[in-house]
Every structure is written in structure tokens, then in C-alpha cells.
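Okay, here's what each chain looks like letter by letter:
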Amino acid sequence: LDENERLTKRIMGVLNRITPEKFDKLATKMMNIIEELADNEEKFTRILDSILNKASTEPVFAEQYAELCLYLSQQLPHLTKKFDWIGCNNNNEEEDNNNNEDNKQISKMFRKMMIMSCERRFSSQRQQVLEKLPSDIDEEDRDDLMSRRRSKFFGTMVIVGELFNKKL
């Protein structure tokens, strides 16, 4: 497995087990994976995309996935020393004064990444719903395919709504 496949596999392993009862333990595990493997913005975006993808296929758990995103956004400032790609690395004496400002910048960066990920997901799902169905499949398969496309699109709208509720 290459690095990206390993990252996706580990992330999906956590996402597949998320429930309200296991949330705290799995959120911490997700943070550990991020600390270990998300050494650049592209990998972190891949993680966000995986969360959105999972949430759009399981809208019942959308609130849990949105809560996970909120948790990650709150934990991200703790990784600034580990990863250069996160936030503003001010190396001056007034570190305490800049800390709050840095956290605001990191929060803004996270929200931007989240919005961009949502926008990509929404656009691609919308495009699939509007796409013509293949004419070489029978009526039952056509109905099934359209139903799955609509369901996933609906799931995307649900997770976007949950993220909005969390002010992400």
C-alpha cells in the first residue's frame, strides 16, 4: 500500500466504527492518525474528504461526523509545532499575544478547507444526479442507480447542514 492508501484505510477504519458511545475514543484515535500521517495539507484534505464521503453515505450519523470535524478544528492549533503547513508560525517574543490570533487564523484555514471540500463534494454529487443514466441498463437498475445518486446527494446536504449548525 502506498502512503495515501494507508492513510485512507486507517481513516475509514475509524469512521466505520463511529457511534455516539465510542465518539471520544475514536476522535482521539483520529487525531493520532493525523499526527502520524497528515504531514501536509493535501493529506489533511484527504482526511476531510473521507469524513464527508462517509457522512454522505450515512446521513444518520451526520451529526457525529460534524462533531468529529468540530473536534479536529479545535485540536488543529496543537499541531502547529509539528506541522509547518498549519497556520501562522510566528517566532517572536509576544507568543502569548499572537497565540489567540494564530488560533483564529488556523480556525479560518480549517473552515476554508472544509468549505472547499464540501463545495467539491456537493458539485460532483449534483452533477451525478443531473447526469443522464446509461441507456443500456434495464429499468430496475436505472431506478436503483438514480436512487443511490439521489440518496448520496441528500446525504451531502445533510452533512453540510450539520457542519453549518456547528459553525464550520
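Refer to the structure presented above.
Quick look at the structure, then. All values reported here derive from a predicted model rather than from experimental measurement.

For the rest of this paragraph, the subject is a nonpolar patch on the surface. Where nonpolar side chains cluster on the molecular surface, the patch consists of Phe122, Phe154 and Met157 and spans about 280 Å² of accessible area. Looking at where phenylalanine 122 falls in the secondary structure, it is placed in helix α5 (residues 95–130).

Turning our eyes to something else, we now look at the side chain of serine 73. With respect to the secondary-structure elements, serine 73 resides in helix α4 (residues 62–75). Given the relative accessible area of 13%, serine 73 is considered buried. A polar contact of 2.7 Å, which involves the side chain of serine 73, links it to the backbone oxygen of leucine 70. For serine 73, the residues in contact, after removing those within four places along its chain, are Phe110 and Leu168.

Where like charges cluster on the molecular surface, the positive patch consists of Arg17, Lys22, Lys25 and Lys29. Its place among the elements puts lysine 29 in helix α2 (residues 23–37). Of the residues examined, lysine 29 reaches a relative accessible area of 38% and is grouped as partly exposed.

By the definition in use, this model includes zero disulfides. Sulfur of cysteine 69: no disulfide; nearest cysteine sulfur belongs to cysteine 118 and is 7.7 Å away. Look at cysteine 118 and you get buried, because its relative accessible area is 12%.

Together, Asp138, Glu139, Glu140, Asp141 and Asp143 make up a negatively charged patch on the protein surface. Locating aspartate 141 in the fold gives a position in helix α6 (residues 139–165). A residue is classified by how much of its surface remains accessible, and aspartate 141, at 40% relative accessible area, is partly exposed.

Rules used throughout
Residues numbered from 1 in each chain as written. Predicted model: local features only at pLDDT ≥ 70, side-chain atom pairs only at ≥ 80, totals over all residues. Heavy atoms only, no water. Patch = residues over 30% accessible without salt bridge, like charges linked within 9 Å, V, L, I, M, F, W, Y side chains within 5 Å. Areas by Shrake-Rupley, 256 points an atom, 1.4 Å probe, with all protein chains shown as cover. Salt bridge = Lys/Arg side-chain N within 4 Å of Asp/Glu carboxyl O. Helix = DSSP H or I, 4+ residues; strand = E, 2+ residues; numbered from the N terminus. Buried < 20%, exposed > 50% of the residue type's maximum accessible area, 1.4 Å probe, protein only. Polar contact = N/O pair within 3.5 Å; in protein donor to acceptor, adjacent residues only side chain to side chain. Contact = heavy atoms within 4.5 Å. Lys, Arg positive; Asp, Glu negative; His and termini not counted. Charge placed at Lys NZ, Arg CZ, Asp CG, Glu CD. Disulfide = S-S within 2.5 Å.

Taken by themselves, the reported measurements are silent on function.
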